[in-house]
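Residues per chain, in single letters:
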Amino acid sequence: MSTPETPLPLHGLPAKSAAALDLLAGLKVLDLSTSIAGPYAGQLLADLGATVVKVEKPRTGDDARAWGPPFLHGESLWFMSVNRGKQSLTLDMAAPAGRQVLRQLVAECDVILLNLVARAQCKLGLDADVLMGLNSRLIHVSITGFGVGSSRADLPCYDLIAEGYSGVMDLTGEADAPPQKVGTPAADLLAGSDAAMAVLAALWRRQRNGKGCVIDVSMVESMSRFMAPRLMPYLGSGELSRRTGGRDSVVAIYQVFHAADAPMTLGLGNDAIWKRFWDAVGQPEVAVDPGFASNALRRARREDLVERIAALIGSRPRAHWLELLGAARVPCGPIQRLDELAQDPALHAAGFLYRIDGPDGPIPQVGLGIRFDGRTEGTALPPPKLGAHTQEVLGQWLGCAAAQIERLRAQRIV
């Protein structure tokens, strides 16, 4: 817990006022999803200026609200990482009165985000056939583990499961160690990005023909597409890649090396970079050695090359190599811990990491990292408190009077 004597890392971030992008201004999105993938898609759309209403279960809300510790101001930081820029409406969709309110909201919105399997969508009347019957212009987005049309459609799935299916875990880790998942929920975030991208494509088509769209995003397929640079070589050659730790199995040299004080990355990805590296380290004779003239030749002698470069890099501190090789335009970099990443001056200068004022105090933000006409996003809203915008949404979207909303509260519908 933070005290005045022990400030949190977020207190060192630059402050940023709410100044949201407006590229999707006027777009209304209902985000019925929970956990990471769907909410991340909703946050991306909110970052671009859409009005995103997060529809949550009364009293408990999104599953990710309970994911902690760590918590900040009593809220899960995992939840807060994928829900900025949204309004929160509580609604009991299992109750007939709740479903009726939802149908009215669907008639008013442009996009609905769901992460329910097909069977659950049908049970709740949230499937595309039903909802597009209420709104023919609706963009109906499902983000599930396997896809609503898959033979595995009803199987539950989390990021870990999708990573296992995709092959990324089999190729992550040291050769003599067990498979490892990626250090962030990669399948969730990729599927969320795919969903947001698909929404933009569907909006462009709708502008031409006025019709909605049914979008079906599979976490397993999103993550497996991510593996294309590994999967394609196997499909076309039969050569099966195996775990190699921080070493690439195609490019020589492309891996982690240990300087005298800390690890670093080094990527000698083409012949010109290969030459610049050896010139920079004062061994130009290696650069012109015909035995190393191509990547194929270097791959054949990878073990000897790795040993030679490892001895060289290990002789001096990392800062020496980063300065020397950076000046020579040789791709290299530190392996940053999260605390080092959080203090990265270039990310601060770019406005990528910042803090905003929330209702209970400052909240850290990890930005969109995309610039539009030179601008990146601020945020219109901090991650919402559960149900904080129920009255506002029902009043503005549906014209509900205060007394009507109070009746819904009394019935525990909202």
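An account of the accompanying structure is given in this report. (Residues numbered from 1 in each chain as written. Predicted model: local features only at pLDDT ≥ 70, side-chain atom pairs only at ≥ 80, totals over all residues. Heavy atoms only, no water.)

## Concerning the overall build of the chain
Phase 1 of the analysis: When its secondary structure is counted, the chain shows 18 helices and 13 strands.
Phase 2 of the analysis: Overall size of the chain, expressed as C-alpha extent along the three principal axes, is 85 × 55 × 40 Å.
Phase 3 of the analysis: Per-residue burial over the chain gives 43% buried out of 414 residues.
Phase 4 of the analysis: Considering only residue pairs separated by 6 or more positions, the chain has 69% of its internal contacts joining residues 24 or more positions apart.
Phase 5 of the analysis: Carbon and sulfur atoms make up 57% of the accessible area of the chain, which totals about 20,500 Å².
Phase 6 of the analysis: With 42 positive and 43 negative side-chain charges, the chain shows a spacing of 4 Å between the two charge centroids. (Helix = DSSP H or I, 4+ residues; strand = E, 2+ residues; numbered from the N terminus. Buried < 20%, exposed > 50% of the residue type's maximum accessible area, 1.4 Å probe, protein only. Contact = heavy atoms within 4.5 Å. Areas by Shrake-Rupley, 256 points an atom, 1.4 Å probe, with all protein chains shown as cover. Lys, Arg positive; Asp, Glu negative; His and termini not counted. Charge placed at Lys NZ, Arg CZ, Asp CG, Glu CD.)

## Considering the environment of His140
Phase 1 of the analysis: In this fold, His140 is placed in strand 7 (residues 139-144).
Phase 2 of the analysis: A sequence separation of 26 residues divides His140 from Leu114, and the C-alpha atoms of the two residues are 8.0 Å apart.
Phase 3 of the analysis: Residues contacting His140, with those up to four places away along its chain left out, are Ile112, Leu114, Gln121, Leu126, Asp127, Ala128, Leu131, Met132, Cys213, Val214 and Ile215.
Phase 4 of the analysis: In this structure the side chain of His140 is engaged in a polar contact, spanning 2.8 Å, whose partner is the backbone oxygen of Leu126. (Polar contact = N/O pair within 3.5 Å; in protein donor to acceptor, adjacent residues only side chain to side chain.)

## Description of the pairing of strand 10 (residues 263-267)
Phase 1 of the analysis: Alignment of strand 9 (residues 254-258) against strand 10, held across 5 bridges, turns out to be antiparallel. Paired with Phe257 across the bridge in strand 10 is Met264.
Phase 2 of the analysis: Taken together, the 3 bridges between strand 10 and strand 11 (residues 332-334) define a ladder with antiparallel strand orientation. From the neighbouring strand, Thr265 faces strand 11, where its bridge partner is Gly333. (Pairing = 2+ DSSP bridges.)

## Observations concerning the nonpolar core
Phase 1 of the analysis: Counting 41 residues, the largest nonpolar core has Val29, Val111, Ile139, Val141, Ile143, Val199 and Ile215 as its most contacted members.
Phase 2 of the analysis: Elements that contribute at least two residues to this core include exactly helix 1 (37-47), strand 6 (111-114), strand 7, helix 7 (186-209), strand 8 (213-218) and helix 8 (219-226).
Phase 3 of the analysis: Considering every element that reaches this core, the biggest residue donor is helix 7, with 8 residues.
Phase 4 of the analysis: Residue contacts for Ile139: discarding those within four places in its chain leaves Asp110, Val111, Ile112, Val199, Ala202, Leu203, Cys213 and Ile215. (Core = buried A, V, L, I, M, F, W, Y, C linked by side-chain atoms within 4.5 Å.)

## A short note on the pattern of salt bridges
Phase 1 of the analysis: Inspection of the entire model under this criterion finds 21 salt bridges.
Phase 2 of the analysis: Here Asp110 makes a salt bridge to Arg206, at a shortest N to O gap of 3.0 Å. Note that Asp110 is positioned in the loop between helix 3 (96-108) and strand 6 and Arg206 in helix 7, a separation of 96 residues in sequence. Summarising the burial analysis for this pair, Asp110 and Arg206 share the class buried.
Phase 3 of the analysis: A single salt-bridge network, built from bridges that share partners, covers Glu56, Arg65, Glu75, Asp360 and Lys385. (Salt bridge = Lys/Arg side-chain N within 4 Å of Asp/Glu carboxyl O.)

## Concerning a nonpolar patch on the surface
Phase 1 of the analysis: Residues Leu155, Tyr158, Leu160, Ile161 and Tyr165 make up a contiguous nonpolar surface patch of roughly 500 Å² in combined accessible area.
Phase 2 of the analysis: Position of Tyr165 among the secondary structure elements: in helix 6 (residues 159-166). (Patch = residues over 30% accessible without salt bridge, like charges linked within 9 Å, V, L, I, M, F, W, Y side chains within 5 Å.)

## Quick word on the pairing of strand 6
Phase 1 of the analysis: Going residue by residue along strand 6, you find Val111 and Leu113 tucked away on one face and Ile112 and Leu114 tucked away on the opposite face as well.
Phase 2 of the analysis: Where strand 1 (residues 28-31) lies against strand 6, 3 bridges are found, and the strand directions are parallel. Paired with Leu30 across the two strands is Ile112, which belongs to strand 6.
Phase 3 of the analysis: Bridging between strand 6 and strand 7 involves 4 bridges; their strand directions are parallel. Across the sheet, Val111 pairs through a bridge with Ile139, a residue of strand 7.

## What to know about the sheet that holds strand 7
Phase 1 of the analysis: With respect to topology, 6 strands assemble into an open sheet ordered 5-2-1-6-7-8, the strand pairing being parallel. A strand with exactly one partner marks an edge of an open sheet, and here the two such strands are strand 5 (86-90) and strand 8. Each strand axis lies, on average, 20 degrees off the axis of its neighbour in the sheet, ignoring direction.
Phase 2 of the analysis: With respect to the sheet, helix 3 is in contact with strand 1, strand 5 and strand 6, its orientation differing from that of strand 1 by roughly 145 degrees. (Axes fitted to C-alpha atoms, helices over the stretch in contact; angles between N-to-C directions.)

Remember, this is a structural readout, not a statement about activity or role.
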